[in-house]
Amino acid sequence: MYHKIKHFKLKKLIPLAFVFLYCNKAEAKVLNDNSNFGIQAADATVKGIVQDENGFAVSGAKVIIVETGKEVITDENGLFSIEAEVGQTLTVQLEGFTIQKVVIDSAEMTIHISSETSISDEHALQEVTLVGYGTQKKSDLTGSVSQLKSEQFKEGMNISVDNLIQGKVAGVRVVQTSGEPGAGMNVSIRGVGSIRSGSTPLFVVDGVPLSNENVSSGGPNVGLGSSSAKNPLNFLNTSDIESITVLKDASASAIYGARGSNGVVLITTKQGKKGDALFTYDTYFGVSNVIKKLDLMNADEYRNAVDPSYDHGGNTDWQDVLFRSATSQNHAFSFSKKTNTGSYYASISHMDQDGIIETSNFRRTTARLNAEESFLDDQRLKVKFNLTASDIRETGLPNGSNAGSDGQLVIHALMANPTRSVFDKNGDYTNFNMNAHYNPMYLLSKYNDHTNTFRVLGNVEATLRILPGLNYKLNYGIDRSTSERNTTMYPNITDRTPRGMYTQSNLESLSTLVEHYLTFDKTFNRHNINLLAGFSYQKFKFSGTYFGLTNIAEQGSGVAPENNPGYSGTAFIPSPGYAQENELQSYFGRVNYNYDSRYLFTASLRADGSTRFGKNNKYGYFPSLAVAWAINKEEFLRGSSVVNELKLRASWGQTGNQEVQNKLTQASSSLSSSAGYWLYNQNDLINGVMVNRTANPDLKWEVVEQTNFGVDFSLFNSKLYGSLEYYNKTTLDPILNIPSGPLSPTSTIWQNVDGKIENKGFELTLGSQIIDQKDFTWSLDVNAATLSNKVKDLPVSEIYSGAISGPGMSGVYANVYKNGYQAGSFYMLKYLGIDEQGKYIYEDTDGNGSVGTEDRQIFEGPLPKVTYGLNSYMRYKRFDFAFSFIGQAGGYLVNNTNLNLNINNLASDRNLLRDFYTSGASAENLPQLSSLYLEKSDFLRLNNVRLGYNFGVEQLKWVKSLNLYVSAQNLWTITNYSGYDPLIDTSKAVSGNQSLGIDYATYPSAKTFMVGATLKF
């Protein structure tokens, strides 16, 4: 650990503060000279006062003469004095208020200006967009930024924040890893840019960057594969979210430096709003069912197709047995209030969602408190406090993604012979008496998996206005979580852990953040400059313990092991544990400049120092540049009735990716019997030292370099608006574990290589207020993105990933990373058809007369070439109606599920897909990975639909509004994909290299119908 990245020296910001103070001397003098306010005015001088809608003085507002560009700031009493002439126009500007324009009609009269907010808070949110460490007007943006408001993600039952952006932002793809409640999601922005480090963007909640590390433990392998950790974003109550902002290009995300390579998602929670105190109660009840069933053979078809010995006399649809109609409910209560000096928001919520497979469920209770208050006589000091706490309880299933040939719960249900019964004549679960194939309901009855996670995220922000335009901000945040996962497989009659197994995994994480930064904003004549300079320090601590027992007591005998692990059993792991710390120290700065709001320029630089990397590359530097031209503000377009806004943008920048394993730069060794020796020729073997990892002090960040060109437009009095962008995003210096050189103590070494992963494409966003009348409004927006992904210049011939599961599939991989091909392209035999004997025919690429692994070919990859979404909102009198579509085209999936439901199952007392039987294939065909199981993942889905009614509550003075609604989610899908869901990605990584586009018996998605209500009073 290096001391230089532990301490922040405030003196580094002092010279910058003096520069700011010097620049503001003249302005401060103007304010001091305006201490008296009267009705008399000197020649060519106008005096006035700025007040809000409640008659309170507004300090810090900019008063600008349009014709001359002269500008002053109102003092603590809202007073100003400025040189001006009769007939000229002045404007008053202050964040949170509309820009007020007033024509000066007398040089000798007092100008009394009221800066009332004539638009709703929601519309103001459209005009002001959140960016890294601040806000900007949308018209001043130079980067690629998309913002969603709370009313844009009302539809559907959403556990996690990543669900809310699905299909709503061009270039953002959200793919579930499982349909299980609370399961993880894969979020990617503008493609996949890393082989090992993942593609998850950085999430920032109310100014606190979250770690992408898990906050709960994964499930252990009790013979049915290990399961992934739960989604770390589940702790947020989605009803508390005010806005979600996606920073896509390097100009927008480079201010986050080492963690911005995959884009940045800024989440802002709700604050109090102007008006009376508001209480809101949101509730819904839902029923969910499996989105579709796989087309398997039924009992009659199966008994007519197989040997009579495989007819067990029953008639069971195992999918109907396994899946259920699951109920869900959600209750959220909130209070909000805004005063002249502060705002307050508090909420409490409870979500209870059952999964569509027996026993699985998700329970979450959250509480939130957001408060902001101003102090000192002119509200010079503002203190803001955000705190959320959540308690999550989840019940999981034996459905591991990396299960071997024995499979897991869902695959056992799909393969179960339909002529078998669930129960025998004694009422016990039927014993299949088979090796590696069991009654799925019996497995479920013997398995318990409970995860409890408690998480607290909070931060305090203090903003001090040193001088008008010059502000200092302190942000201190804490993210703390504890999790316990208890997994039990009771003694059973299978050949998988027959004596039973119990494991307990405990995980704790703590992240602390300290940030200091100065902002300076000044307008003079037609020039506006905004400066940001700051320092950030974040420390991450992770620790965990794990222990396990075998030979545990029978189910129902004595005390359950999760309640008393000492009751029975033999320890097979003697309580191992681990702990790690990482630190990130950063210096950052940004300059925003515009001339006359027509020509805009942005530049930023961030220097990040991380303990994850070697001593020779402890710091990385991430610059960005962007320019924009607001053409609509030129003389030749001013006043145009066709073009309301037209802006060209261009940006370039570099960001980093530090999401690698801890301590990769350091050597690692261990005691091992394989490196041991015999002492004194006796029979005692002494363990020797084995080197596990070679040190590499030169290891550094993966760097993503991105170029972006965009055009923003608004036409026909804003009837049609949107943007078109082209991006080229290239990953440089990828981190790989590659073969080491001669005399190395290990065969491989972690190292930055010269390879590249290139993502490029176009993004289109279009929106329209089609109808805008008193009784009828209709808005529609569409988004679409193209993606071209290619691997280049890798120093190795290929890298494999995507482990395939099933009998005979050990060591078979479906993904390949190879120069000239898409990341994760598929590698397999090419299926040609069936011969006269029913044998599968594969292409013999080398012409040697036999087909083997050497005949495998590379096929198109998993990443869709086009993704799109459509969102619509209508209101007719008291009715409101909304719907959204999502879709993709040009990608492929390996259907590993179908590979397990192959024709060979007819010869082994297992069920199969009906299509395999009707194809005429012989049951003697052994399963092989081939293009027979490669399918297009194209689809169009009605993702959400909602119909609501707003009741007239005028007679109830205590009720402000009441909305009742019905909603449906995943209502229908158009696709040729034969699996449960084409929008899926099972984690099948190999040696840390991420897999892409594999579907292995994943917990299916659900179709949900809901009824809900929102009451405000």
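Check the entry above for the structure.
Described below are features of the structure shown in this document. Note that the coordinates shown come from a computational prediction; the quantities given were computed from them, not determined experimentally. (Residues numbered from 1 in each chain as written. Predicted model: local features only at pLDDT ≥ 70, side-chain atom pairs only at ≥ 80, totals over all residues. Heavy atoms only, no water.)

### Here's the deal with the pairing of strand β20 (residues 361-375)
Of the pairings in the sheet, the one linking strand β19 (residues 342-354) to β20 comprises 13 bridges and is antiparallel in character. Paired with Ser-343 across the strands is Glu-372, a residue of β20. Count of turn residues in the β19/β20 antiparallel hairpin: six residues, of which Thr-359 carries a positive phi of about 80°. As paired elements, β20 and strand β21 (residues 381-395) share 15 bridges and run antiparallel to each other. By the bridge assignment, Ala-371 is partnered in β21 with Phe-385. Following β20, the chain reverses through five residues before pairing antiparallel with β21; Leu-376 in that reversal takes a positive phi of roughly 70°. (Pairing = 2+ DSSP bridges. Helix = DSSP H or I, 4+ residues; strand = E, 2+ residues; numbered from the N terminus.)

### Overview of the nonpolar core
In this structure, Leu-322, Ile-357, Leu-414, Ile-804, Phe-826 and Val-894 are the most contacted members of the largest nonpolar core, which totals 60 residues. Only α7 (318-322), α8 (409-415), α9 (440-445), β42 (825-828), β44 (840-842) and β48 (892-895) provide two or more residues apiece to this core. The element that contributes the greatest number of residues to this core is α8, accounting for six residues. With 33 residues, the next largest nonpolar core counts Phe-203, Leu-210, Ile-267 and Met-351 among its residues. (Core = buried A, V, L, I, M, F, W, Y, C linked by side-chain atoms within 4.5 Å. Buried < 20%, exposed > 50% of the residue type's maximum accessible area, 1.4 Å probe, protein only.)

### Section: a nonpolar patch on the surface
On the surface, a nonpolar cluster with roughly 630 Å² of combined accessible area is contributed by Phe-285, Tyr-876, Phe-879, Phe-881, Leu-947, Val-966 and Val-1011. Here Val-966 shows up in strand β51 (residues 961-975). (Patch = residues over 30% accessible without salt bridge, like charges linked within 9 Å, V, L, I, M, F, W, Y side chains within 5 Å. Areas by Shrake-Rupley, 256 points an atom, 1.4 Å probe, with all protein chains shown as cover. Salt bridge = Lys/Arg side-chain N within 4 Å of Asp/Glu carboxyl O.)

### A look at the pairing of strand β30 (residues 643-657)
In terms of strand pairing, strand β29 (residues 619-630) meets β30 through seven bridges, oriented antiparallel. Bridging from a neighbouring strand, Trp-629 pairs with Leu-648 of β30. Alignment of β30 against strand β33 (residues 702-715), held across 14 bridges, turns out to be antiparallel. The partner of Gly-656 across the bridge, within β33, is Val-703.

### Topic: the sheet that holds strand β2 (residues 62-65)
Strand order in the open sheet formed by four strands is β3-β2-β5-β6, and the pairing between neighbours is antiparallel. The strands lining the two open edges of the sheet, one partner per strand, are β3 (71-73) and β6 (100-103). Across this sheet, the average inter-strand angle for adjacent strands is 20°, counted without regard to direction. Summarising the sheet, β2 and strand β5 (residues 89-93) pair through four bridges and their orientation is antiparallel. Bridge pairing in β5 links Lys-62 to Gln-93. (Axes fitted to C-alpha atoms, helices over the stretch in contact; angles between N-to-C directions.)

### Description of the side chain of Asn-386
Turning to its location among the elements, Asn-386 is positioned in strand β21. Sequence-distant contacts of Asn-386, that is, excluding residues within four places in its chain, are made with Asp-206, Gln-271, Arg-368, Leu-369, Asn-370, Leu-457, Gly-458 and Asn-459. (Contact = heavy atoms within 4.5 Å.)

### A closer look at the packing of aromatic side chains
Per the counting criterion, the structure on display carries 30 aromatic pairs. Summarising the aromatic geometry, the rings of Tyr-595 and Tyr-599 are spaced 6.3 Å apart at their centres and angled 5° between planes, so their arrangement reads as stacked. Judged by relative accessible area, which is 35%, Tyr-599 ranks as partly exposed. Members of the aromatic cluster, joined through ring pairs, are Phe-279, Phe-333, Phe-335, Trp-958 and Phe-1017. Between the NZ or CZ atom of Arg-420 and the centre of the ring of Phe-432, over which it lies, the distance is 4.5 Å. Over the face of the ring belonging to Phe-235 we find Arg-455, whose NZ or CZ atom lies 4.1 Å from the ring centre. (Phe/Tyr/Trp six-rings, centres within 6.5 Å; stacked < 30°, edge-to-face > 60°. Lys NZ or Arg CZ within 6 Å of the ring centre and 35° of its normal.)

### Overview of the sheet that holds strand β41 (residues 813-817)
Across the sheet, four strands lie side by side as β40-β41-β42-β45; this open sheet has antiparallel pairing. Looking at which strands have only one partner, the edges of the open sheet turn out to be β40 (799-803) and β45 (857-859). Strand-to-strand twist across the sheet, computed as the mean angle between neighbouring axes with direction ignored, equals 40°. Pairing geometry for β41 and β42, over two bridges, is antiparallel. Following the sheet pairing, Asn-815 is matched in β42 by Phe-826.

### Focus: the environment of Ala-403
Note that Ala-403 resides in the loop between β21 and α8. You can call Ala-403 buried: its relative accessible area is 1%. Spatially, the C-alpha atom of Ala-403 lies 30 Å from that of Ile-189, the residues being 214 residues apart in sequence. Those residues within four positions of Ala-403 in sequence are excluded, and the remaining contacts are Leu-224, Gly-225, Gln-408, Ser-805 and Tyr-1000.

### Focus: the environment of Tyr-619
Following the sequence through the fold, Tyr-619 ends up in strand β29. For Tyr-619, the side chain forms a polar contact with the side chain of Gln-585, separated by 2.8 Å. (Polar contact = N/O pair within 3.5 Å; in protein donor to acceptor, adjacent residues only side chain to side chain.)

### Some remarks on the pattern of salt bridges
Pairing is possible between side chains of opposite charge, provided their charged atoms come close. Here the structure, examined in full by the defined rule, presents 43 salt bridges. Residue Glu-180 is joined to Lys-230 by a salt bridge in which the shortest nitrogen-to-oxygen separation is 3.4 Å. Linking Glu-180 in the loop between β11 (172-176) and β12 (185-189) with Lys-230 in the loop between β14 (208-209) and β15 (241-247), this pair joins segments that are 50 residues apart in sequence. On the accessibility criterion, Glu-180 (15% relative accessible area) is buried. The partner of Asp-981 in a salt bridge is Arg-941, and the shortest N-O contact between them spans 2.8 Å. In this pair, Asp-981 sits in the loop between β51 and β52 (998-999) while Arg-941 sits in strand β50 (residues 939-950), placing the two residues 40 residues apart along the sequence. A cluster of three or more residues bridged by salt bridges with shared partners is formed by Arg-190, Lys-248, Arg-649, Asp-712, Glu-725 and Glu-763.

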